[in-house]
Amino acid sequence: MKYLNILLLLFVVSTAVRAQSSLLQNPYSRDHISLNGPWHYIADPYENGYYNYRRKAFDEIGNKKGGYYDNLKQNNPMSLIEYDFDHAPTLDVPGDWNSQVEKLELYEGTVWYQRAFVVSPEKGKKYWLYFGAVNYEAHVYLNGKKLGTHKGGFTPFQFEVTDLLHEGDNFIVLKVDNARHQDEVPTVNTDWWNYGGVTRDVLLINTPDSYIQDYQLKLNPANNKEIRGFVKVEGEESEVKVAIPELKVDKAIAVDRNGYASFAIPVKKVVYWSPENPKLYEVQISSSNDMVLDKIGFRTITTEGTDILLNGKSVFLRGISMHEENPFLPGRLRGEGDIKMLFQWAKELNCNFIRLAHYPHDEKALKLADEMGLMVWAEIPVYWTISWENEATYKNAEAQLTDMIVRDKNRASIMIWSVGNETPVSEPRMKFMGGLADKVRSLDDSRLVAAALEVSQKEGEMVWTCDDPLVDKIDLVSFNEYAGWYWLTPSELSKIKFEFDIDKPVFISEFGAGALGGFHSEDRVRWSEEYQEDLYIKQIKLLTEIKQLRGVTPWILVDFRSPRRPHSVYQNFWNRKGLISNTGDKKKAFFILKDYYQKQEEAYK
Ligand code: GCB
């Protein structure tokens with residue numbers, strides 16, 4: 001009997017929560033209203049709004065008077081309601097809470113968000129609540145009803161809400177929890193601030209009842225005179241159309257039983273996307289009653305021996321790593337203007353490539369990279385020591401990887417999917433990371449697969465290499481090395497060399513040194529701009545000796561906040577490896593790298 005009750009309870013709980021629907025491709029091109037702006041919030045470190053005093057979730061016991069998601073109002077002066085969203089302060093969405101409210105700077109735990117909105121839902125349409133990203137775990141309620149939960153702080157999720165919207169007044173309540181846990185992705189230990197909150201846009205999207213759910217257009221990696229792809233529709237449709245007016249493509253394609261229309265369209269004169277000419281074509285995808293517009297670039301990226309070939313031509317990736325953080329807030333980037341600021345700095349540095357570390361950045365960043373001509377390394381937060389043997393952790397990482405690829409697969413700028421950063425070699429980790437690399441290949445054959453691995457010393461010599469067995473499964477010998485900072489000093493760099501005996505392009509995904517902007521020292525002592533400058537000079541010398549080297553993304557464009565960096569004189573909870581300080585000033589090393597990149601640009605013309 002007891003088991004039956006538990007089973008029944010499980011049934012009630014699971015049917016009460018809606019399944020998340022497959023992500024709508026290109027949400028911004030759909031008819032939508034923005035739910036950005038001020039949301040009321042209540043910080044709830046004890047999760048009072050979720051559990052009763054016996055620590056039972058109100059959700060599960062069906063108690064309608066406890067959960068904050070009921071958003072009760074005190075209409076009667078005698079009633080006892082111990083929260084009140086309408087009089088609670090507000091947080092801006094998008095935005096993390098740490099940078100908006102001083103008291104929440106170091107807070108990790110639950111914050112409730114609430115906002116009201118008015119709609120007039122139209123018959124015959126479907127409605128979707130879309131979240132660009134919420135860090136880390138979100139429980140979502142509309143008009144008091146639970147839509148579901150989502151884990152992962154950097155990927156989008158959505159719920160269909162057609163039959164839950166009211167004519168007129170509606171309200172959304174979110175429970176957002178950014179507590180760190182060992183078995184999550186990322187895990188408890190990182191070198192960045194754990195910014196919590198609704199950090200990206202919230203949209204209420206509507207589509208026709210039968211609608212275009214997803215699509216992809218790309219060059220056939222083996223034939224650059226053919227555009228391949230698919231359109232996926234939901235609902236009764238027998239045909240879809242793909243049009244690229246500038247290429248005179250206008251093709252009707254039959255939809256199969258599963259809603260897929262696959263195509264291979266020959267094209268004659270395509271102008272290929274490249275950093276020098278980031279050509280994007282307007283693409284129209286339409287069904288009998290739906291239409292989505294996009295701007296898509298066409299290019300191939302492959303490797304041949306130690307070369308990386310963009311549209312068949314050898315390139316050198318003049319890159320820089322960056323976090324999704326605005327040093328002036330300081331906090332998560334809050335919009336296109338913020339993203340543009342970072343990308344323009346990268347352009348000033350003569351970059352043609354950016355590493356969006358260590359997690360998927362805002363989808364708007366990828367659109368901007370497409371437009372600005374910056375090639376991209378995109379990554380998931382499989383960082384340092386993940387719980388390699390936990391099946392649920394793997395599933396979580398794989399889901400984040402899949403969502404990133406599904407979201408961004410039409411962005412020509414993305415050249416490389418990275419499955420993780422500095423993960424320690426072991427059998428279980430090999431299985432985990434190898435599984436992720438296989439997953440990428442099963443989802444996308446038009447990009448390279450990589451990971452930021454670690455450097456290794458050859459026995460008894462001052463010779464360094466990367467002997468991580470994961471190299472066999474990926475396309476680059478890509479690794480981080482902190483010679484001159486965590487080991488050796490800049491002046492000792494002349495004693496070492498790098499050697500690689502594998503026929504793949506070598507890519508250095510990180511090197512760097514910390515410098516406090518404005519701190520100068522003729523003796524080039526640690527934390528001075530001169531130390532960092534010297535390290536860049538010596539590193540570049542070392543790099544030029546690696547004949548297989550095809551790119552670098554030094555660490556990092558701008559100083560960023562990190563709880564791992566408490567030194568009160570030099571750090572003050574900032575990682576100081578930025579080439580630009582947290583006040584936006586360029587440090588001396590910026591100009592060393594800029595100069596090197598200018599030369600590399602000439603060399604690869
Ligand atoms: C690394 C990590 C990066 C850190 C950096 C550092 O290897 O990949 O996330 O911030 O080193 O500054 O130590």
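Data block above holds the structure.
Observations regarding the overall build of the protein
Part 1 of the argument: For the protein, the count of helices and strands is eight helices and 37 strands.
Part 2 of the argument: Here the C-alpha radius of gyration of the protein, 25 Å, is about what a compact globule of 605 residues would show, namely 25 Å.
Part 3 of the argument: For the C-alpha atoms alone, the extent of the protein along its principal axes is close to 75 × 60 × 50 Å.
Part 4 of the argument: Residues counted as buried form 60% of the 605 residues belonging to the protein.
Part 5 of the argument: Sequence separation of at least 24 residues holds for 72% of the intrachain contacts in the protein that already meet a minimum separation of 6.
Part 6 of the argument: Distance from the positive charge centre (73 side chains) to the negative charge centre (86 side chains) of the protein: 2 Å.

Some thoughts on the packing of aromatic side chains
Part 1 of the argument: Within the structure shown, the criterion is met by 40 aromatic pairs.
Part 2 of the argument: A ring pair is formed by phenylalanine 154 and tyrosine 359, whose centres lie 4.1 Å apart and whose planes are at 15°; its orientation type is stacked. Taken together, the residues span a long stretch of sequence, with phenylalanine 154 in the loop between β8 (145-151) and β9 (157-160) and tyrosine 359 in the loop between β26 (353-356) and α4 (363-372) at a distance of 205 residues. Like phenylalanine 154, the residue tyrosine 359 is buried in the burial classification.
Part 3 of the argument: An aromatic cluster is built from Tyr68, Tyr69, Tyr83, Phe85, Trp112 and Tyr141, whose rings are joined through pairwise contacts.
Part 4 of the argument: The ring centre of tryptophan 193 lies 4.2 Å from the NZ or CZ of arginine 561, which sits over that ring.
Part 5 of the argument: A cation sits over an aromatic face here: arginine 561 above tryptophan 574, 5.8 Å from the ring centre.

Examining the pattern of salt bridges
Part 1 of the argument: Evaluated as defined, the whole model comprises 44 salt bridges.
Part 2 of the argument: A salt bridge links glutamate 47 to arginine 55; the nearest nitrogen and oxygen atoms lie 2.6 Å apart.
Part 3 of the argument: Classification of arginine 55 as partly exposed rests on a relative accessible area of 48%.
Part 4 of the argument: In this structure, aspartate 370 engages arginine 411 in a salt bridge whose closest nitrogen and oxygen atoms are separated by 3.0 Å. On the criterion of sequence distance, the pair formed by aspartate 370 in helix α4 and arginine 411 in the loop between α5 (391-408) and β28 (414-421) is long-range, its members being 41 residues apart.
Part 5 of the argument: In the salt-bridge network here, residues are joined through shared partners; they are Glu47, Arg55 and Lys175.

Thoughts on the sheet that holds strand β2 (residues 37-43)
Part 1 of the argument: Reading across the sheet, the six strands line up as β3-β2-β4-β10-β7-β8 and stay open at both edges, with antiparallel pairing between neighbours. The two strands at the open ends of the sheet, each matched to only one other strand, are β3 (90-93) and β8. Adjacent strand axes in the sheet meet at a mean angle of 30°, parallel and antiparallel pairs treated alike.

A word on the site of the ligand
Part 1 of the argument: Taken together, 14 residues lie near the ligand, and Asp191, Tyr383, Glu422, Tyr486 and Lys577 sit nearest.
Part 2 of the argument: Between the ligand and tryptophan 555, the relevant distance is 3.1 Å, taken from an oxygen atom to a side-chain nitrogen or oxygen of the residue.
Part 3 of the argument: Protein coverage of the free-state accessible area of the ligand, which is 320 Å², stands at 97%.
Part 4 of the argument: For the shell around the ligand, the residue count by class is five nonpolar, four polar and five charged.

Thoughts on the side chain of asparagine 170
Part 1 of the argument: Looking at the secondary structure, you find asparagine 170 in strand β10 (residues 168-177).
Part 2 of the argument: A polar side-chain atom of asparagine 170 sits 2.7 Å from the main-chain amide nitrogen of histidine 166.
Part 3 of the argument: If sequence neighbours within four positions are ignored, asparagine 170 has contacts with Arg115, Ala116, Phe117, Val119, Asn143, Leu164 and Leu165.

Some words on helix α7 (residues 529-544)
Part 1 of the argument: End to end, α7 covers 23 Å across 16 residues, agreeing with the expected 22 Å (1.5 Å per residue, within 8%).
Part 2 of the argument: By the criterion of burial, α7 is predominantly enclosed, with twelve of the 16 residues buried.
Part 3 of the argument: Those residues of α7 that sit buried are Glu529, Glu530, Tyr531, Gln532, Glu533, Asp534, Leu535, Tyr536, Gln539, Ile540, Leu542 and Leu543.
Part 4 of the argument: As for α7, its buried residues are in contact with β33 (497-498), β34 (506-510), β35 (549-552) and α8 (588-603).

Looking at the pairing of strand β16 (residues 249-254)
Part 1 of the argument: Bridge count for strand β15 (residues 239-244) against β16 is six bridges, and the pairing is antiparallel. From the neighbouring strand, valine 242 faces β16, where its bridge partner is lysine 251.
Part 2 of the argument: The antiparallel hairpin formed by β15 and β16 contains four residues in its connecting segment, where lysine 248 sits at a positive phi of about 60°.

With respect to the sheet that holds strand β30 (residues 456-457)
Part 1 of the argument: A sheet is described by the order of its strands in space; here three strands give the open sequence β30-β31-β33, paired in mixed fashion. Either end of the sheet is taken by a strand with one partner, and the two such strands are β30 and β33.
Part 2 of the argument: Looking at chain direction, β30 and strand β31 (residues 463-465) are connected through two bridges and run antiparallel. Directly across from glutamine 457, in β31, lies its bridge partner tryptophan 464.

A few points about the environment of leucine 309
Part 1 of the argument: Residue placement: leucine 309 occurs in strand β21 (residues 307-310).
Part 2 of the argument: With relative accessibility at 10%, the residue leucine 309 sits in the buried group.
Part 3 of the argument: Considering only alpha carbons, one finds leucine 309 and cysteine 351, 42 residues apart in sequence, at a separation of 17 Å.

Considering the nonpolar core
Part 1 of the argument: One finds Ile320, Phe343, Val382 and Phe479 to be the most contacted residues of the largest nonpolar core, which totals 90 residues.
Part 2 of the argument: Of the domains in this structure, domain 1 (2-207) and domain 3 (303-513 + 549-557) are the two that each give at least three residues to this core.
Part 3 of the argument: In terms of nonpolar packing, the next biggest core, distinct from the first, is built from 32 residues, Val111, Phe117, Phe131 and Phe157 among them.

A look at the environment of lysine 586
Part 1 of the argument: Turning to its location among the elements, lysine 586 is positioned in the loop between β37 (574-575) and α8.
Part 2 of the argument: Take lysine 586: its relative accessible area is 28%, and that puts it in the partly exposed class.
Part 3 of the argument: Measuring from C-alpha to C-alpha, the distance between lysine 586 and asparagine 206 comes to 45 Å, with 380 residues separating the pair along the chain.

Conventions and cut-offs
- Residues numbered from 1 in each chain as written.
- Predicted model: local features only at pLDDT ≥ 70, side-chain atom pairs only at ≥ 80, totals over all residues.
- Heavy atoms only, no water.
- Helix = DSSP H or I, 4+ residues; strand = E, 2+ residues; numbered from the N terminus.
- Rg over C-alpha atoms; globule rule 2.2 N^0.38 Å.
- Buried < 20%, exposed > 50% of the residue type's maximum accessible area, 1.4 Å probe, protein only.
- Contact = heavy atoms within 4.5 Å.
- Lys, Arg positive; Asp, Glu negative; His and termini not counted.
- Charge placed at Lys NZ, Arg CZ, Asp CG, Glu CD.
- Phe/Tyr/Trp six-rings, centres within 6.5 Å; stacked < 30°, edge-to-face > 60°.
- Lys NZ or Arg CZ within 6 Å of the ring centre and 35° of its normal.
- Salt bridge = Lys/Arg side-chain N within 4 Å of Asp/Glu carboxyl O.
- Pairing = 2+ DSSP bridges.
- Axes fitted to C-alpha atoms, helices over the stretch in contact; angles between N-to-C directions.
- Near = heavy atom within 4 Å.
- Polar contact = N/O pair within 3.5 Å; in protein donor to acceptor, adjacent residues only side chain to side chain.
- Areas by Shrake-Rupley, 256 points an atom, 1.4 Å probe, with all protein chains shown as cover.
- Nonpolar A, V, L, I, M, F, W, Y, C, P; charged D, E, K, R; others polar.
- Expected span 1.5 Å × (residues − 1).
- Core = buried A, V, L, I, M, F, W, Y, C linked by side-chain atoms within 4.5 Å.
- Domains from an automatic or database assignment.

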